[in-house]
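Given next are the chains, with one letter for each unit.
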Amino acid sequence: MHVWKFGGTSVGKPDRMQSIRHLVTADDTRKIVVLSALSGSTNALLAIGECLKDNTEAVAIAQIDALRAHYDAFIGELYATDAGQQAGKQVLDAEFSFIRSLTGIKPFTLKQEKELVAEGELLSTQLFQAYLEEEGVASALLPALEFMRIDADNGPEIAFTQQRLSEMLPNQADKQIIVTQGFICRNPRGEVDNLKRGGSDYTASLIGGAIRADEIQIWTDIDGMHNNDPRIVKDTHPVRELTFDEAAELAYFGAKILHPSTITPARMFGVPVRLKNTMEPSAPGTLIAERTGTFDSTAPVFKAVAAKDGITALYIHSSRMLNAYGFLRRIFEIFEKYKTPVDMLATSEVSVSVTIDNTDRIADITAELSTFCDLEEPDYDQTIICIVGNFSADNGGVAVRVFNAMQNIPIRMISYGGTESNLSMLVHSRYKADALNALNEGLFSA
Ligand code: ADP
Ligand code: ASP
Ligand code: MG
């Protein structure tokens, strides 16, 4: 069985939804098809939520009307038959009546906001399922809220998903296509929750891992993982093969094509991931898998670059660190206590610099560190530039090429050697575009 995920642009227009119906039924492989919300819907729902939080209810209602009009036009083009139109209208009536019911709730809390934002995926999947029915495809809709759950730390409960799917899927044995929602899940309180923005990729990988799929395919609007951020750098090109480690680094460090956690479940269960372009289905895309004999052994040393914004650097000094053991443990226990992941790390004899991207608990962390360390002012608005490739110890000359390319850009921190596939640097975000372009020129141009 395969798991195929289609992102917002892939389902955002009626003709795109029609073309993915042909894509998913073009061969006999059974598929779980994970859909995002139609492009723009999640943002629109969040904007409605903001109005409801601010008590600007009239604005929210106008925005709901506009969204409904958008969906009315969508179903008008999607379905060819009266029965199809009726089915689509029923979906819209039910979901928009729920959305409107939220406008009366005061105060409008995070719980309601999560219910509201889940509507994007609830709408797209029901409309698609009704379309498959109109087209006579043997398909069923499996509600993600019945098998996707996160724990108290927002981590996925994959054993629960495994268990639930093993109960639910046998009931659909005669269906070629099983449709489900990306992004949405329940939390330990049983409330509707989600896997954070872009989370449909993660849903696909969690399902793919849970059912030990033969392959996970992420269909989007570009022909695979490019060697650099195509929104910032001209002349990027698709990378045909990446190892799980390489892809995980790129996703975590900012390659927007994949939610940061997507690769983890696929790697854990050894399920290959293929990135494909809905607009150009015959293009090969990118294959992400364990490095095996099928991988191209002549792959270049430098494969790709990504950038992650919103990083804060903390500078921690202590003369007691000199020749002492246990000092790093004390520091990291504090980050653990406040559930704040550290991304990058650099050490000297008496100092440690670390970067974090979640500053929610920075006041507690710095207060506690101050009891046994001196702290410099943190640097905010930093960007991690992550370079991925084959940097095994036998590959000389990696650092010199990177530093040559970066010669005009101030670098705040460097991390190299954590794995054989990553070299990361911290720069102020104002240098991000220059750094990505300089690396493209220095590492990838012939
Ligand atoms: P979807 O809605 O299908 O999930 P996203 O917008 O989340 O699509 O991801 C696809 C976009 O990611 C591309 O259109 C591209 O602009 C952006 N992107 C950023 N970095 C990369 C990269 N290294 N390779 C490919 N796409 C990237
Ligand atoms: N619809 C959600 C978002 O826009 C999830 C996704 O598209 O992956 O973030
Ligand atoms: Mg996405």
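Please refer to the structure higher up on the page.
All values derive from a computational prediction rather than experimental measurement. (Residues numbered from 1 in each chain as written. Chains lettered and ligands numbered in written order. Predicted model: local features only at pLDDT ≥ 70, side-chain atom pairs only at ≥ 80, totals over all residues. Heavy atoms only, no water.)

## Concerning the site of ligand 1
This is how the line gets drawn: Nearness of a residue to a molecule or strand requires only that one of the residue's heavy atoms be within 4 Å of it. Within 3.5 Å is the distance limit for a polar contact, defined as a pair of N or O atoms, with the added protein rule that one can donate a hydrogen and the other accept it, and that residues adjacent in sequence qualify only through two side-chain atoms. Accessibility throughout is a Shrake-Rupley quantity obtained with a 1.4 Å probe, and a residue counts as covered only by protein chains that appear here.
Among the 15 residues in the neighbourhood of ligand 1, the closest are listed as Lys5, Thr220, Asp221, His226 and Lys256. At 2.8 Å from an oxygen atom of ligand 1 is found a side-chain nitrogen or oxygen belonging to Asp221. His226 is positioned such that a nitrogen or oxygen atom in its backbone is 2.8 Å from a nitrogen atom of ligand 1. For ligand 1, the accessible surface in isolation is 570 Å², of which the surrounding protein chains cover 85%.

## Considerations on the environment of Pro265
The condition is simple: Only DSSP runs of H or I reaching four residues or more are called helices, and only runs of E reaching two or more are called strands; each is numbered from the N terminus. Burial classes follow relative accessibility: with a 1.4 Å probe on protein chains only, a residue under 20% of its type's maximum area counts as buried, one over 50% as exposed, and anything between as partly exposed. The contact rule is simple, with two residues in contact once any of their heavy atoms fall within 4.5 Å.
Considering the arrangement of structural elements, one finds Pro265 in helix H10 (residues 263-269). Residue Pro265 is classed as buried on the basis of its relative accessible area, which comes to 3%. In this structure, the C-alpha to C-alpha distance between Pro265 and Gly208, residues 57 residues apart in sequence, is 7.9 Å. The contacts of Pro265, once residues within four sequence positions are left out, are Ile158, Tyr202, Ser205, Leu206 and Gly209.

## Some details on the packing of helix H7 (residues 158-168) against helix H8 (residues 200-210)
Where we set the bar: Lines fitted to C-alpha atoms define the axes here, with helix axes fitted over just the stretch in contact, and angles between the N-to-C directions of these axes take values from 0 to 180 degrees. It is the rotation of the near helix from the far one that decides the hand of a crossing: anticlockwise by less than a right angle makes it left-handed, clockwise makes it right-handed.
It is the contact of H7 with H8, at a shortest axis distance of 9 Å, that shows an interaxial angle of 65 degrees. Judged by the sense of rotation from one axis to the other, the crossing of H7 with H8 is right-handed. Facing Ile158, Thr161, Gln162 and Leu165 of H7, the residues of H8 in contact are Leu206, Ile207 and Ala210.

## Considerations on the sheet that holds strand E8 (residues 241-243)
Spelled out, the test is: At least two bridges found by DSSP between two strands are what make those strands a pair.
Taken in spatial order, the eight strands make up an open sheet running E3-E4-E2-E1-E7-E9-E10-E8, and their pairing is mixed. In this open sheet, the two edge strands, each paired with only one partner strand, are strand E3 (139-141) and E8. Direction aside, the axes of adjacent strands within the sheet are offset by 20 degrees on average. Summarising the sheet, E3 and strand E4 (residues 177-181) pair through three bridges and their orientation is parallel. When the bridges of E4 are listed, Ser139 appears paired with Ile177. Packing against the sheet, helix H2 (residues 14-24) makes contact with strand E1 (2-6), strand E2 (31-35), E4 and strand E7 (215-220), and its axis sits at approximately 165 degrees to E1.

## Structural notes on the pairing of E7
Burial within E7 is extensive, with six of its six residues counted as buried. Burial along E7 is two-sided: the residues Glu215, Gln217 and Trp219 and Ile216, Ile218 and Thr220 are all buried. The sheet contact formed by E1 and E7 spans five bridges and is parallel. Looking at the pairing, Val3 lines up with Ile216 of E7. Note: E7 against strand E9 (residues 273-277), five bridges, orientation parallel. Looking across to E9, one finds that Gln217 is bridged to Arg274.

## A look at the site of ligand 2
To be explicit about the condition: In the scheme used here, Gly and all other residues not listed as nonpolar or charged are polar, with Ala, Val, Leu, Ile, Met, Phe, Trp, Tyr, Cys and Pro taken as nonpolar and Asp, Glu, Lys and Arg as charged.
Taken together, the neighbourhood of ligand 2 is formed by Ser36, Ala37, Thr42, Glu121, Phe183, Arg197, Gly198, Gly199 and Ser200. In this structure, Glu121 approaches ligand 2 through a side-chain N or O atom, which is 2.6 Å from a nitrogen atom. Contacts to ligand 2 include Gly199, whose backbone N or O atom sits 3.4 Å from an oxygen atom. Its free accessible area being 260 Å², ligand 2 has 87% of it covered by the protein chains. Along the lines of polarity and charge, the residues of the shell around ligand 2 split into two nonpolar, five polar and two charged.

## Things to note about the environment of Asp54
Within the fold, Asp54 resides in the loop between helix H3 (41-53) and helix H4 (57-78). A relative accessible area of 54% means that Asp54 is categorised as exposed. Each C-alpha atom of the pair Asp54 and Gln18 lies 38 Å from the other, and the pair is 36 residues apart in sequence.

## Some thoughts on a nonpolar patch on the surface
As a reminder of what qualifies: Patch rule: a residue counts if its relative accessible area is over 30% and it has no salt bridge; like charges are joined within 9 Å, and nonpolar side chains (Val, Leu, Ile, Met, Phe, Trp, Tyr) within 5 Å. We count a salt bridge whenever a side-chain nitrogen from Lys or Arg sits within 4 Å of a carboxyl oxygen from Asp or Glu.
On the surface, a nonpolar cluster with roughly 330 Å² of combined accessible area is contributed by Phe403, Ile411, Ile414 and Tyr416. Along the chain, Phe403 falls in helix H13 (residues 398-405). By relative accessible area, Phe403 is classed as partly exposed at 34%.

## Observations regarding the packing of aromatic side chains
Aromatic ring pairs are defined here through the distance separating the ring centres and the angle between the ring planes. Threshold: Between the rings of Phe, Tyr and Trp (Trp by its six-membered ring), a pair exists once the centres lie within 6.5 Å; its type follows the angle of the planes, with under 30 degrees stacked, over 60 edge-to-face, and the other angles tilted. The criterion for a charge sitting over a ring is simple: Lys NZ or Arg CZ within 6 Å of the ring centre, and within 35 degrees of the ring normal.
Applying the stated criterion to the full structure yields ten aromatic pairs. Linked through ring pairs, Trp4, Phe6 and Trp219 together constitute an aromatic cluster. Lys31 extends its terminal NZ or CZ atom over the ring of Trp4, reaching a point 4.7 Å from the ring centre. Over the ring of Phe160 we find Arg149; its NZ or CZ atom is 3.8 Å from the centre of that ring.

## Observations concerning H3
Put simply, the test is: For a helix, the expected span equals 1.5 Å multiplied by the number of residues minus one.
Relative to the 18 Å expected for 13 residues at 1.5 Å per residue, H3 spans 18 Å between its end C-alpha atoms, a close match to the ideal helical length. Regarding H3, the residues found buried are Ser41, Thr42, Leu45, Ile48, Gly49, Cys51 and Leu52. On its buried face, H3 is in contact with H4, helix H5 (82-102) and helix H6 (110-134). Phi turns positive one or two residues past the end of H3, at Asn55, with a value near 65 degrees.

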